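Notes for the structure review
Below, each chain spelled out in residue letters.
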Amino acid sequence: IQKQYKNNAKTIQKQYKLQGVSLLDKQYAKVKYIDFAEYERIIVLSDIHGDYDGFCGLLEQVRFAKKDALIIVGDILEKGNQSLKLLRAVMQYMENGNVFMAAGNNDIIFSQWYEDDITEEEVLWYVNSRKNNNSVLIEMANELQMEYKTAEEIRALKIAIKTAFQKELQFLQELPDILESPIVTFVHAGIQPGDLNKQPYSYCLTAPAFADQTHRFEKTVIVGHWPVSNYRDDIINANPYINEKTNVISMDGGNSMKLWRQINYLILNKDGNILQTGYYDNLPKVRALENQAE
C-alpha cells in the first residue's frame, strides 16, 4: 500500500482534491453534539459508497426502528452506482430525527468545485476516471440528460446541478465533520489529541490507517475511511477492527471497493458498550461440506 501511494502520489493528491479535500487545508472541522439518552440502541455504520440496496438490506437485518439511533460515519457517495438514490434516502431518514451523519471525504465532492478551487478540466478527469461511471456527478448528469465529455459540458453541468439539486447540495454542505456524544466520538477518518473544536479539517476526513496510531483516547473513537482489511497482511478480514490499546474502532468494510466488500455495523447501548458487531453483504453463500483447515 505504501509503495502504491508513493508511486501514484500525484494521482492520489489529485483524486483527494476532486473529492473536496485540500491536503493543505487548515480549516477547523465542524462539530455536532448529540445525546443518546432517549434511544435503546445505537447502530453505527460507515462507507456505504453508493450502495442503496445494501443500506436498506442492513437496516432490515438489524431491524432499525424509531427507538434506535443510527450513526453514519461518512462516505455515502461515490464508487457505487446508487449514490444519488442513497443520498436522498439518508436525507429522508434524517428528517425523522434519529439518524445522524458525519461527512466523509467522498461526501464533500461539491465543496471546492463551487468555490472554484478546482477546474473544469480536473472535474472532467475525475468523472472519466470513475470505473463503471460510479460517481454522483455522472448520476446527476444522467438525470438531467446532460453530457459530461468536455470541459465546456462540465461547465454547463456545474450550473445545472446547482439549480436542480439545491436540497442535496445544501444537505451535504451542512454535514458536520465530527459527531460528539457523552460516550463516543464519531469521525470519518481520525482526530488528533486535544481540543475537539480545533481539529484540522483535512485530517478528520483523510487520515490514513488511523486505528494503528499510538495515542490512547479516553473516549472511544469510531472511524471509517480506511478499509479494515488493510490492517491485516496474514488473512483477508473485513470485519470491524477494534484496537483496545488506543480505544479506536475502525468500521470500513470495503464496500464498493474490495472484492470481499461488506457494510460493517456496530450496535451499542446508551452507555457505549458494544452489544453486537456484524456486517451485511449480498455475496453468494455456500456451505462447506467438510471441516476446513484453520
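Everything below is about the structure printed above this text.
Attention in this report is confined to the structure presented alongside it. (Residues numbered from 1 in each chain as written. Predicted model: local features only at pLDDT ≥ 70, side-chain atom pairs only at ≥ 80, totals over all residues. Heavy atoms only, no water.)

1. Let's talk about the sheet that holds strand β5 (residues 178–180)
Read across the open sheet, the 6 strands follow the order β1-β5-β6-β7-β9-β8; overall the sheet is mixed. The open sheet is flanked by β1 (31–33) and β8 (241–243), the only strands paired with a single partner. Ignoring which end each strand starts from, the neighbouring axes of this sheet average 20° apart. Relative to strand β6 (residues 184–187), β5 runs antiparallel, the two sharing 3 bridges. (Pairing = 2+ DSSP bridges. Helix = DSSP H or I, 4+ residues; strand = E, 2+ residues; numbered from the N terminus. Axes fitted to C-alpha atoms, helices over the stretch in contact; angles between N-to-C directions.)

2. Focus on the packing of aromatic side chains
Across all of its chains, the model carries 7 aromatic pairs by this definition. Arranged with centres 5.8 Å apart and planes meeting at 85°, the rings of Phe55 and Tyr93 form a pair that is edge-to-face. Taken together, the positions of Phe55 in helix α3 (residues 52–61) and Tyr93 in helix α4 (residues 83–94) put the pair 38 residues apart, joining distant regions of the chain. We classify Tyr93 as partly exposed; its relative accessible area is 28%. With 5.9 Å between their ring centres and 45° between their planes, Phe210 and Phe217 make a pair best called tilted. (Phe/Tyr/Trp six-rings, centres within 6.5 Å; stacked < 30°, edge-to-face > 60°. Buried < 20%, exposed > 50% of the residue type's maximum accessible area, 1.4 Å probe, protein only.)

3. Remarks on the pairing of strand β3 (residues 68–72)
Most of β3 sits out of view: 5 of its 5 residues are buried. Side chains of β3 alternate between two faces, with Asp68, Leu70 and Ile72 and Ala69 and Ile71 buried alike. Both strand β2 (residues 41–45) and β3 contribute to a ladder of 5 bridges, which runs parallel. Looking across to β3, one finds that Leu45 is bridged to Ile72.

4. Quick notes on the side chain of Gln262
Along the chain, Gln262 falls in the loop between β9 (248–250) and β10 (263–268). One polar contact links Gln262 to Asn264, side chain to side chain, over a distance of 2.8 Å. Beyond its immediate stretch of four places on either side in the chain, Gln262 contacts Ala238, Asn239, Gly253, Gly254, Asn255, Tyr279, Tyr280 and Asp281. (Polar contact = N/O pair within 3.5 Å; in protein donor to acceptor, adjacent residues only side chain to side chain. Contact = heavy atoms within 4.5 Å.)

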